[in-house]
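# Notes for the structure review
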Protein chains: 2
Amino acid sequence: MTEPAPRRRGRPSRTGDDSGPGARERILEAARTQFAERGYDKASMRGIAKAAGVDAALVHHYFGTKDEVFAAAIEVSFEPALAVPAILGAGAEGIGERLARYFIGVWENPATRAPLLAIIRSALTYEAAAKVLRGFVLRRLLERVASELDVPDPTFRAELAASHMIGIAILRYVIKAEPLASVDTEEIVKLVAPTLQRYLTEA
Amino acid sequence: MTEPAPRRRGRPSRTGDDSGPGARERILEAARTQFAERGYDKASMRGIAKAAGVDAALVHHYFGTKDEVFAAAIEVSFEPALAVPAILGAGAEGIGERLARYFIGVWENPATRAPLLAIIRSALTYEAAAKVLRGFVLRRLLERVASELDVPDPTFRAELAASHMIGIAILRYVIKAEPLASVDTEEIVKLVAPTLQRYLTEA
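Description of the structure in this document.

The rules behind each value
- Residues numbered from 1 in each chain as written.
- Chains lettered and ligands numbered in written order.
- Predicted model: local features only at pLDDT ≥ 70, side-chain atom pairs only at ≥ 80, totals over all residues.
- Heavy atoms only, no water.
- Phe/Tyr/Trp six-rings, centres within 6.5 Å; stacked < 30°, edge-to-face > 60°.
- Helix = DSSP H or I, 4+ residues; strand = E, 2+ residues; numbered from the N terminus.
- Buried < 20%, exposed > 50% of the residue type's maximum accessible area, 1.4 Å probe, protein only.
- Polar contact = N/O pair within 3.5 Å; in protein donor to acceptor, adjacent residues only side chain to side chain.
- Least-squares fit on C-alpha atoms with pLDDT ≥ 70 in both.
- Contact = heavy atoms within 4.5 Å.
- Salt bridge = Lys/Arg side-chain N within 4 Å of Asp/Glu carboxyl O.
- Buried area = accessible area lost by both parts, 1.4 Å probe.
- Nonpolar A, V, L, I, M, F, W, Y, C, P; charged D, E, K, R; others polar.
- Axes fitted to C-alpha atoms, helices over the stretch in contact; angles between N-to-C directions.
- Parallel < 35°, antiparallel > 145°, perpendicular 65-115°, else oblique.
- Left-handed = near helix turned anticlockwise from the far one by under 90°.

## What to know about the packing of aromatic side chains
Aromatic ring pairs are defined here through the distance separating the ring centres and the angle between the ring planes. With the rule as written, the count across this model stands at twelve aromatic pairs over all chains. Look at Tyr40 of chain A and Tyr126 of chain A: their rings are 5.9 Å apart centre to centre, the planes differ by 40°, and that puts the pair in the tilted class. Taken as a pair, Tyr40 of chain A in helix α1 (residues 23-42) and Tyr126 of chain A in the loop between α7 (110-125) and α8 (127-147) lie far apart in primary sequence, 86 residues in all. Given the relative accessible area of 8%, Tyr40 of chain A is considered buried. The class for Tyr126 of chain A is partly exposed, based on a relative accessible area of 26%. Geometrically, the ring pair formed by Phe35 of chain B and Tyr40 of chain B is stacked, given 6.3 Å between the ring centres and 15° between the ring planes. You'll find Phe35 of chain B and Tyr40 of chain B in the same group, each marked buried.

Written out as structure tokens, the structure reads:
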């Protein structure tokens, strides 16, 4: 440890921008950007604090460890995905199409795509990041999706659907394989919707 | 550049294990291991040469640049995938099931899984690696697969099938989301085969 010990550890500074109701949100936003730009390994508590314009002690105060900041950043990044149970709850008919269109909308938006890709990238590279993602994806997302499904092994079915959307995102937005990288999103929805429909509704 | 210039640049050393018919294969095997263990960024021509027990000049002699070694390592790693056009050529009936079982077999085998994951990981992190993978996957794999298909937009269809298998591999072997990480491979084949069948054969 070459960095100086944080001032007033555990007690947020009360000067400047260093606190207030917006501080936690600023830290989360900075964390999301730092993890997206630098990756799990290179992002640091100190760098996140600096980007948020707060004392490093405040980051520790709100989130404890780097893994906990990462988990919170995942939660913010996956917030759109947390709407999925609501989409599923609207009934089985047309669910595959609604879900495909919704997911592709999240990936098409650079603001939501970048942190999602950063999280997948980190999880592919660092087991600590994979573990945090695994815990979040399972507990917060897939199990909630599964609770809305009337199929055998609902979590497994939700995972198959998720795997397809993750794979499409990687080939389209990262590897940029053509024509997948350039086709209209409706072309993807048209072919993928029946797959999701089958996974999520057929016994 | 702090490393010393390679001795006898472009002219392989003729001493010790430094040449002979097995040298190229040893270099490729070492490259595959180095890229798998260290990633695209940290693998170096010198490290690959050392692991192969050859002079760095020999690696340059056979492969030129790091990107070219990476491309050759991709080719070796994807060799099993190059059998896919033959699988497709056997006819449309049951093609989804044969392909799903074949792909999962490749991923189940740790010897083939590790380098494939390393390549995907590198491509997710480094645009240079993504570019090499993109070129290879498109030219050598997906276009060959597409040439066997009798559907509209055959390359797009091949990409959709590939995206699903890549996504399953990431959730099962990297993120290790349960139950997908532990289910019997036949459970996966049973559900995924009809998806691949539809993408690859239905108009």
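## Side note on the environment of Asp67 of chain A
Summarising the element assignment, Asp67 of chain A is placed in helix α4 (residues 66-77). At a separation of 2.3 Å, a polar atom in the side chain of Asp67 of chain A contacts the side chain of Tyr40 of chain A.

## Focus on the relation of the copies chain A and chain B
At an RMSD of 0.0 Å, chain A and chain B line up after a rotation of 180° and a shift of 0.0 Å along the axis. Here the copies are linked by what is in effect a two-fold axis. When the interface residues of chain A are mapped onto chain B, 100% of them again fall at the interface, so both copies present the same face.

## Details of the pattern of salt bridges
Residue and element names in this part refer to chain A. A full pass over the atoms with the stated rule returns twelve salt bridges over all chains. When the shortest N-O distance is used, the salt bridge between Glu97 and Arg101 registers 2.9 Å. Within this pair, Glu97 and its partner Arg101 are both found in helix α6 (residues 95-108), separated by four residues, close to a single helical turn. Among the residues examined, Glu97 registers a relative accessible area of 39% and is labelled partly exposed. Where salt bridges share partners, they join Glu97, Arg101 and Glu186 into one cluster.

## Regarding the side chain of His164 of chain B
Note on placement: His164 of chain B falls in helix α9 (residues 154-174). Note on His164 of chain B: relative accessible area 0%, which makes it buried.

## Focus: the interface of chain A and chain B
Counting residues at the interface gives 40 residues for chain A, matched by 40 residues for chain B. Between chain A and chain B, a total of about 3600 Å² is buried, with carbon and sulfur atoms accounting for 70% of that surface. Inspection of the region where chain A meets chain B yields zero salt bridges. Counting across the interface, chain A meets chain B through twelve residue pairs in polar contact (both at pLDDT 80 or more). If you tally residues by element for the side of chain A that touches chain B, the top one is helix α9 (residues 154-174) of chain A, at 14 residues. Considered class by class, the residues forming the side of chain A that touches chain B number 24 nonpolar, six polar and ten charged.

## A look at unusual backbone geometry
All names here are of chain A. At the junction of Glu178 and Pro179, the peptide bond is cis and its omega measures out at 5° in the coordinates. Structurally, the position occupied by Pro179 is in the loop between α9 and α10 (185-201). The backbone phi angle of Lys176 is positive, close to 55°, even though this residue is not glycine. Position of Lys176 among the secondary structure elements: in the loop between α9 and α10.

## Regarding the packing of α7 of chain A against helix α7 (residues 110-125) of chain B
At a closest axis distance of 10 Å, the pairing of α7 of chain A and α7 of chain B adopts a crossing angle of 140°. When the axes of α7 of chain A and α7 of chain B are compared, the pair comes out oblique. As α7 of chain A packs across α7 of chain B, the resulting crossing turns out to be left-handed. Residue-level contacts link Ile120, Arg121, Leu124 and Thr125 of chain A of α7 of chain A to Ile120, Arg121, Leu124 and Thr125 of chain B of α7 of chain B. The residue makeup of the contact of α7 of chain A with α7 of chain B, split by class, is four nonpolar, two polar and two charged.

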